[in-house]
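Report on the structure
Letter by letter, the chains look like this.
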Amino acid sequence: MNYAQTTQFLFNSFPSYQNVGPGAYKEGLGGITEMCRLLGNPQRNYFTIHIAGTNGKGSTSHILASVLQQAGYCVGLFTSPHLVDFRERIRVNGQPISEREVVSFVKKHREEMVALGLSFFEMTTAMAFDHFSENEVEVAIIETGLGGRLDSTNIITPILSVITNIGLDHTSMLGSTIGEIAFEKGGIIKPDVPVVVGESHPESDEVFDRLAEERGSAITYADRVWKVVDSEPSGDYVRYHIQRPCDGRTQILDLDLVGSYQRKNIITARTAVSVLRHQTHLNISTRALVEGVRCVVASTGLMGRWQRLGTSPAVFCDTGHNAHGLREVVAQIESQSYRKLYMVVGMVSDKDFDAVIPLMPRDAHYIFTAPSVHRALPAGELAAKFMGEGFEGEVVEGVQAAYRRAIELAGPDDFIFIGGSTFVVADLLSE
C-alpha cells in the first residue's frame, strides 16, 4: 500500500473519534498495553511529559515542545486531531513522521493491530511511541486524546503531568460535573510525579488535591504562581508581562500565538518550565524559554489557533469548539474593530448546543455549513437551531464554499471568522 491507501485503511479499519464520536471511545488500557509490549515498550526509552485538559492542551504542548527544542533536546510531540495531514499528529523537532514511516509501521504491525481490535487512537499512540524511540527522542510531549484516566496515552510514567483546565465537554463519556470530569483528567497524575494545573476552580481543585495527596505528587497551580499583568501586540507577537506574586519577580515573553486566550496557556507553560527546571533532570535556560516561546509556530508547525488568513477584510480561524473554548474565541472577536461581522460556522452533532448558542455573537451574519466528517450536523439543521434563537444567516454546503460566500459578501472593513469545530478549520486549511 502507498501512503494514501495506508491512511485510508487506518480510517476505515479502526474506529476513529473524528468519524464516529463516542463509539470510538474504549474504556481500558489492555489493548494499547499489549501492543506496546509487542513493540518492546518503546515509551520507556525517553522522558515524557503528559498533558490533559478540556482546552489549551494543544497550545501548551506546542509551547513546551518549542522551549525544549531551544534547550537542545530532541523532542517528540504527539497531538490530535490533525488538521490537514495525519502526519501532523507525530513530530520530532517539528518534523512530521514521514509517509514512508507510516506505511512501514502499518505494514509491519497490521496483523497485530487488527487482532487486538485497536481503536484508531490506540494505533496512532503506538505508532508515535515507536517512532519517538526509533528516532532517539530525549523528551516527548504526549497529549491525551480524551479524558486521561482511560486514555490510551496513560500507560506512560512521565516526569511531569500537566492539566490545563476543566470545562464541561464530552459529558456523555467523562461525567456531567466539573468534579467528575476532573477525576477522569486527573487520572494522569502518577505516584511521586509532579503535576501542574493551569487554572484553579473550586470543584476541580478539590479533586486534584485529593488525587495528588493520595499519590504523593507535588501539585502546583499555575495561576497562583504567575500572573499576566499586561499584554500588548508587538509585531507578529503578543508581548506578555508576567509577574510572580510571591516575590514580585517580573518577566517579559513574546509569544507568536496571538489569540488572547493564550494568556492562560503561557502561564501554564511558564509554570511547567519552572517545575521541569527544579524537580526533574532537564536543563532549560532562560534563553531557551524566551526563544522557544517566541517561535512556537516555526518550531512545531502549529496551525488553527487564532490564525490570520487575510486582511481587508480581516479573516481569522480558530479550532475552539466547546463552550469553554468558544467563550474565549468570542471575546477575542468582540475585541476587534470592524464594520460588519461574518461568521462561517459548522459543528458536530453531539455538541452541547444549549451551552454554545447563547455564547455566539448576535450582531453577525452567519453562514452555516458542515465539515466533511461523519459526525457533522447538517448545515440546515444547524441553521434551524440558531435561527430558532433569533440569529440571522444563510446555509452554504461545504466549508470552502461557505468561506467563498463570506469573501463575496464582506467589504474591506469587515471581519470574517471561520470555526465552531476543529473539523471546520481542517476543511478550510486543507485546500
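Right above here is the structure, for reference.
Before going into details, it helps to say that this report is about the structure given with it. All of these numbers come straight from a predicted model, not from anything done at the bench.

Focus: the sheet that holds strand β10 (residues 237–244)
- Within the open sheet, the three strands sit side by side as β9-β10-β11. Their pairing is antiparallel. Of all the strands in the sheet, just β9 (227–234) and β11 (249–255) have a single pairing partner and so form its edges. Averaged over all adjacent pairs, the angle separating strand axes in this sheet is 20°, with direction ignored.
- Examined bridge by bridge, β9 and β10 share seven bridges and lie antiparallel to one another. In the sheet register, Ser234 faces β10, and the bridge partner there is Tyr237.
- Packing of helix α12 (residues 286–294) onto the sheet brings it into contact with β10 and β11, and relative to β11 it is tilted by some 40°.

Observations concerning unusual backbone geometry
- Following Ser80, the chain continues to Pro81 via a peptide bond in cis, the omega torsion being -5°.
- Relative to the assigned elements, Pro81 resides in the loop between β2 (75–78) and β3 (90–92).
- Residue Ser312 is joined to Pro313 through a cis peptide bond whose omega torsion reads 5°.
- Relative to the elements of secondary structure, Pro313 occurs in the loop between β12 (307–310) and β13 (314–317).
- Of note, Glu136 is a non-glycine position whose phi angle comes to about 55°, a positive value.
- Phi at Ser312 takes a positive value of approximately 55°, unusual for a residue other than glycine.

Quick look at the pattern of salt bridges
- Under the criterion given, the structure shown has 15 salt bridges.
- For the salt bridge of Glu34 with Arg37, the shortest nitrogen-to-oxygen distance reads 2.6 Å. In this pair, Glu34 and Arg37 both sit in helix α3 (residues 30–38), three residues apart, roughly one turn of the helix.
- With a relative accessible area of 27%, Glu34 lands in the partly exposed category.

Points about empty space enclosed by the protein
- What the rule picks out here adds up to one cavity of 30 Å³ or more.
- Counted as a void, the largest cavity has a volume near 30 Å³.
- In terms of lining, the largest cavity is formed by Ala65, Gln69, Val75, Leu77, Arg91, Asn93, Gly94, Ser299 and Thr300.
- Looking at the lining of the largest cavity residue by residue, the class counts come to three nonpolar, five polar and one charged.

Things to note about the sheet that holds strand β4 (residues 95–96)
- Taken in spatial order, the eight strands make up an open sheet running β4-β3-β2-β5-β1-β6-β7-β8, and their pairing is mixed. The strands lining the two open edges of the sheet, one partner per strand, are β4 and β8 (219–221).
- This element, helix α6 (residues 120–134), spans β2, β3 and β5 (139–143) of the sheet and lies at about 10° to β3.

Thoughts on the side chain of Arg375
- If you trace the backbone, Arg375 turns up in the loop between β15 (364–368) and α16 (379–387).
- At a separation of 3.2 Å, a polar atom in the side chain of Arg375 contacts the side chain of Asp350.

So, the layout of surface pockets
- Considered as a void within the structure, the second largest pocket measures approximately 620 Å³ in volume.
- As for the second largest pocket, its lining consists of 25 residues, of which Val238, Leu257, Val258, Gly259 and Trp306 are closest to the centre.
- Grouping the constituent residues of the lining of the second largest pocket by class yields eleven nonpolar, eight polar and six charged.

Definitions and limits used
Residues numbered from 1 in each chain as written. Predicted model: local features only at pLDDT ≥ 70, side-chain atom pairs only at ≥ 80, totals over all residues. Heavy atoms only, no water. Pairing = 2+ DSSP bridges. Helix = DSSP H or I, 4+ residues; strand = E, 2+ residues; numbered from the N terminus. Axes fitted to C-alpha atoms, helices over the stretch in contact; angles between N-to-C directions. Contact = heavy atoms within 4.5 Å. Salt bridge = Lys/Arg side-chain N within 4 Å of Asp/Glu carboxyl O. Buried < 20%, exposed > 50% of the residue type's maximum accessible area, 1.4 Å probe, protein only. 1 Å grid on protein atoms, 1.4 Å probe; cavity = no way out; pocket = protein on both sides within 12 Å on 5 of 7 lines; lining within 4 Å. Points joined across faces, edges and corners; volume = space filled by probe spheres on them. Nonpolar A, V, L, I, M, F, W, Y, C, P; charged D, E, K, R; others polar. Polar contact = N/O pair within 3.5 Å; in protein donor to acceptor, adjacent residues only side chain to side chain.

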